[in-house]
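Residue-level listing of the chains:
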Amino acid sequence: MAPKFVRDKHIQYIQSLDKKQDELEYWLSEHLRMNGVYWGLTALDLMGARDALPRDKMIEYVKSCQHANGGFGANPGHDEHILYTLSAIQILFIQGAMDEVDADLVAKYVCSLQNPQNGAVRGDLYADSEDTRFVYIAFQILALLDRLPQFDVDKAVEYIDSCKNYDGGYGMVPGAESHAGQIFVCVAALAIADRLDLVDRDLLSWWLCERQVPSGGLNGRPEKLPDVCYSWWVLSALAVLQRLDWIDGDRLREFILEAQDDELGGIADRKGDAVDVFHTLFGIAGLSLLGYEDLEPVDPIYCLPARVTKDLKYRRR
Amino acid sequence: MHSVKRVRTTAEAQAAKKRKEASKIIEYNALVERVGGSRKNEEYSSTALQLTTTLLKMNPEFYTIWNYRREILLHIFQSLPPAEITARLDSELDFLFSRLREFPKCYWIWNHRRWCLNTSPAPDYARELKLVTMMLERDARNFHGWQYRRGIVACLESRDDEKMKWDRSEFEYTTAKINNDFSNFSAWHNRTKLIPRLVKEDPELDARELLKKEIYLITQAIYTDPDDQSVWLYHRWLVTSSDIVALSIAERTALLHQEITSISELLAVEPDSKWCLHSLAFYKNFLADLTGQEIDKSVGEYLEKLETIDPMRRKRYQDWRARISL
């Protein structure tokens, strides 16, 4: 029998994260702080506990990470990067606080990261590389800001298509091997651009459902270990492709629940490992997609509560 | 956090750990503050560079510090002749190598390494190829390593007069990797990228002969481990795609028949092999689509059996059966 979902403990765990200043790990992980707030807030929201973290303080914090060019850093004093800009905008979107930022300025920053030649997007204006993750991130930020037409979507879609592999999957750049995380971003980006016609649906869904291993968990590439975070990367892509039932949801649920810390809350990559807020969100989001534990529905394209994305223009299921 | 065991310790042990960490936190935060202040004051000296070295040794994920480090290096380079810039970047690569050994999956280190090569007046790609070969020996599936490798090979290829020399040697490299371990999905993947290029660029190469050799190699792999999905994915690519050579319908049909016979023989020995059953269903279905003939009745039986032996994916087999109404 599957262990019980320890909702209250997960809420307490997320609330406790900002009180760990006496642990070295708290300081060493500052470069993930903005993501961490998004992971925590989204997990709370899906559990119906959005108010468990102070809203005003959170919005102030997000704003304190913005740079003059519109981009956001991971924490005050950290350089701006598209990864943190997405988390910042997602947080404001969930909190219904989009009027707290200058949408045109943020959109301008995001558009400046696109390579006009090949449509690819790089992570920052420093020296970060191009990556299909960043195309998806750009699409999502601009969709949330309602500024997508400012971007060369067609060129970006061409770039994603050039990253498609023989197995129907997608890699980080043209030539790179298929990876469930990259597949999620590429499929979701194509969904935002309304270009799912480019996906080899049956072939890719086959590859994706083969990620489920005998333990019930999902891995990210063939012959690798299962990990709770792929409950999101694989599952959301299958949801967008309308093949969610091609894996065994009950077995996956069990795998996720076994990775919980049922004493102190939080979810780990797999049973017996240390928990973190990243796996906590993606475990909970996976359970939500599968319709378990009476969670709020999650949007598989945006990884946001479906409640807040329902009126977005850009979406295709 | 990945693959870090959860440990429950006593309150006492926890308090002791926190006491021990307290001085480290002070030391770390003082360094962070110092580096931040130094960047604010636009310090681009060797001392500033040394500070970033110390900090990045403690925390290679601190991407902002890598940005600052590049600013410092570019500033120092302004007054250096090309040979000295190259030498400085070589020692930078040594520093990065030590970081990669400890953190082989850290994006920012690989990224900084790429920057060094792009910035160097005389990048030593051969040395990089050796390094990444070593990295892939430690972890044959590290996708950062494979990606970096593809980049290096592309650079070597574009700078060499002998056309396709590096792609050819890369093909040999994937062969060696595969012979070492048939289930190296990353190596098989790389072959699907290399072979079409080799066929296109090398007029000497007999594509049909190459396809035949690949089928022979993959058949060996399949017989060695029929439970490994990497080999079946590659087999499917060989048998169904036109990326290597555009076979005529008659040739393609013959190939499909040949492979169906071969897999049927394996199924006779391994009657519950999921991948044998799956591939037979898939190729017989593919054959019917290709020739316009009716789908062989056995496909329905294979799918029914797959529902039993692979119940996690039952719904996929049911959808498939419904689609072909068998």
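Residues numbered from 1 in each chain as written. Chains lettered and ligands numbered in written order. Predicted model: local features only at pLDDT ≥ 70, side-chain atom pairs only at ≥ 80, totals over all residues. Heavy atoms only, no water.

The name given to chain B in an unreviewed UniProt entry is Geranylgeranyl transferase type-2 subunit alpha, with Myxozyma melibiosi as the source organism. Of chain B, the UniProt comment under Catalytic activity (unreviewed entry) reads exactly: "geranylgeranyl diphosphate + L-cysteinyl-[protein] = S-geranylgeranyl-L-cysteinyl-[protein] + diphosphate". (UniProt positions renumbered as here; feature names shortened; annotations may be inferred.)

As named in an unreviewed UniProt entry, chain A is Geranylgeranyl transferase type-2 subunit beta, taken from Myxozyma melibiosi. Taken verbatim from the UniProt record of chain A, the Sequence similarities (unreviewed entry) comment is "Belongs to the protein prenyltransferase subunit beta family." Regarding chain A, the relevant UniProt record gives this comment under Function (unreviewed entry): "Catalyzes the transfer of a geranylgeranyl moiety from geranylgeranyl diphosphate to both cysteines of proteins with the C-terminal sequence -XXCC, -XCXC and -CCXX."

1. As for the overall build of chain B
Within chain B one finds 15 helices and zero strands. At 27 Å, chain B has a C-alpha radius of gyration far larger than the 20 Å of a compact globule built from 326 residues. Projected onto the principal axes, the alpha-carbon positions of chain B cover approximately 75 × 65 × 30 Å. For chain B, with 326 residues in total, the buried portion stands at 50%. In chain B, the proportion of contacts linking residues at least 24 apart, taken out of those at least 6 apart, comes to 61%. Of the roughly 16,200 Å² of accessible surface on chain B, a fraction of 54% belongs to carbon and sulfur atoms. (Helix = DSSP H or I, 4+ residues; strand = E, 2+ residues; numbered from the N terminus. Rg over C-alpha atoms; globule rule 2.2 N^0.38 Å. Buried < 20%, exposed > 50% of the residue type's maximum accessible area, 1.4 Å probe, protein only. Contact = heavy atoms within 4.5 Å. Areas by Shrake-Rupley, 256 points an atom, 1.4 Å probe, with all protein chains shown as cover.)

2. Regarding the overall build of chain A
Tallying secondary structure elements over chain A gives 14 helices and two strands in all. Taken against the 2.2 N^0.38 rule, which gives 20 Å for 317 residues, the C-alpha radius of gyration of chain A at 19 Å falls within 12% of a compact globule. Each principal axis of the C-alpha distribution contributes one length, and for chain A these read about 55 × 45 × 35 Å. Within chain A, buried positions represent 68% of all 317 residues. Sequence separation of 24 or more characterises 66% of the internal contacts of chain A that already satisfy a separation of 6 or more. Charged side chains in chain A number 32 positive and 50 negative. The centres of these two groups are separated by 3 Å. (Lys, Arg positive; Asp, Glu negative; His and termini not counted. Charge placed at Lys NZ, Arg CZ, Asp CG, Glu CD.)

3. Section: the UniProt feature "domain: Prenyltransferase alpha-alpha toroid" (unreviewed entry) in chain A
When the UniProt feature table is mapped to this numbering, "domain: Prenyltransferase alpha-alpha toroid" (unreviewed entry) covers residues 6-304 of chain A. Structurally, residues 6-304 of chain A comprises 47% helix and 1% strand, and the distance from its first C-alpha atom to its last is 21 Å.

4. Looking at the interface of chain A and chain B
Taken together, the contact pairs 69 residues of chain A with 55 residues of chain B. Carbon and sulfur atoms make up 52% of the surface buried where chain A meets chain B, a total of about 5,600 Å² over both sides. Where chain A touches chain B, the interface holds eleven salt bridges. Residue A:Glu177 is joined to B:Arg141 by a salt bridge in which the shortest nitrogen-to-oxygen separation is 3.4 Å. Inspection of the chain A/chain B interface yields 35 residue pairs in polar contact (both at pLDDT 80 or more). Of all the secondary-structure elements, those providing two or more residues to the side of chain A that touches chain B are helix H2 (24-28), helix H10 (201-209) and helix H13 (277-290) of chain A. By residue class, the composition of the side of chain A that touches chain B is 27 nonpolar, 16 polar and 26 charged. (Buried area = accessible area lost by both parts, 1.4 Å probe. Salt bridge = Lys/Arg side-chain N within 4 Å of Asp/Glu carboxyl O. Polar contact = N/O pair within 3.5 Å; in protein donor to acceptor, adjacent residues only side chain to side chain. Nonpolar A, V, L, I, M, F, W, Y, C, P; charged D, E, K, R; others polar.)

5. Digging into the side chain of A:Gln90
With respect to the helices, strands and loops of the structure, A:Gln90 is situated in helix H5 (residues 82-94). Using a relative accessible area of 2% as the deciding quantity, one classes A:Gln90 as buried.

6. Structural notes on the packing of helix H4 (residues 55-64) of chain A against H5(A)
Residues and elements named next belong to chain A. Direction vectors running N to C along H4 and H5 enclose 150 degrees, while the axes themselves pass 10 Å from each other. Considering the angle they form, H4 stands roughly antiparallel to H5. Crossing of H4 against H5: the hand is left-handed. Two secondary-structure elements touch here, H4 through Met58, Ile59 and Val62 and H5 through Ala88, Ile91 and Leu92. Per-class residue counts for the contact of H4 with H5 are six nonpolar, no polar and no charged. (Axes fitted to C-alpha atoms, helices over the stretch in contact; angles between N-to-C directions. Parallel < 35°, antiparallel > 145°, perpendicular 65-115°, else oblique. Left-handed = near helix turned anticlockwise from the far one by under 90°.)

7. What about the confidence of the model for chain B?
All names here are of chain B. Summing up the model confidence of chain B, the mean pLDDT is 95 and the portion of residues at 70 or higher is 99%. Mean pLDDT across the elements of chain B bottoms out in helix H7 (residues 143-159) (93) and peaks in helix H3 (residues 63-77) (98). Model confidence for the complex is summarised by a pTM of 0.96, with the ipTM given as 0.95. (pLDDT = per-residue confidence, 0-100.)

8. Side note on unusual backbone geometry
All names here are of chain A. Phi is positive for Glu293, which is not a glycine, with a value near 60 degrees. If you trace the backbone, Glu293 turns up in the loop between H13 and strand E1 (298-299). In this structure, Asp294 is a non-glycine residue whose phi angle is positive, near 55 degrees. Take Asp294: it is sitting in the loop between H13 and E1.

9. Some thoughts on the packing of aromatic side chains
All names here are of chain B. For the coordinates displayed, the defined rule picks out 21 aromatic pairs over all chains. An angle of 55 degrees between the planes, with centres 6.0 Å apart, marks the rings of Trp146 and Tyr173 as tilted. A residue pair is termed long-range when its members are at least 10 positions apart, and Trp146 in helix H7 and Tyr173 in helix H8 (residues 165-180) qualify at 27 residues. No difference in accessibility class separates Trp146 from Tyr173, as the two residues are buried. For the pair Trp188 and Tyr234, a centre-to-centre distance of 4.6 Å together with 40 degrees between the ring planes defines the contact as tilted. (Phe/Tyr/Trp six-rings, centres within 6.5 Å; stacked < 30°, edge-to-face > 60°.)

10. Considering H4(A)
All names here are of chain A. Residues of H4 that are buried include every one of Met58, Ile59, Tyr61 and Val62, and no others. The arc enclosing the buried residues of H4, seen along the axis, measures out at 160 degrees, which places them on a common side. Facing away from the buried surface of H4 by more than 90 degrees, the exposed residues are Asp56 and Lys57. Of the surrounding elements, those touching the buried residues of H4 are helix H3 (33-46) and H5. (Arc of directions from axis to C-beta.)

11. Section: the packing of H10(A) against helix H11 (residues 230-240) of chain A
To describe two helices that pack against each other, one gives the angle between their axes and the distance between the axes. Residue and element names in this part refer to chain A. Taken N-terminus to C-terminus, the directions of H10 and H11 make an angle of 155 degrees; their axes are 10 Å apart at the nearest point. The angle between the axes of H10 and H11 places the two elements in the roughly antiparallel class. Seen from above, H10 lies across H11 with left-handed handedness. Here Arg201, Ser205 and Leu208 of H10 lie close against H11, whose contacting residues are Val234, Ala237, Leu238 and Val240. Of the residues that constitute the contact of H10 with H11, the class distribution is five nonpolar, one polar and one charged.

12. Remarks on the environment of A:Arg307
All names here are of chain A. One can find Arg307 in helix H14 (residues 306-309). The class of Arg307 is partly exposed, set by a relative accessible area of 34%. Through-space distance from the C-alpha of Arg307 to that of Asp294 is 15 Å; in sequence the pair is 13 residues apart. Here Arg307 is in contact with Asp45, Arg50 and Glu296, once residues within four sequence places are set aside. At 2.9 Å, the side chain of Arg307 and the side chain of Asp45 are in polar contact.

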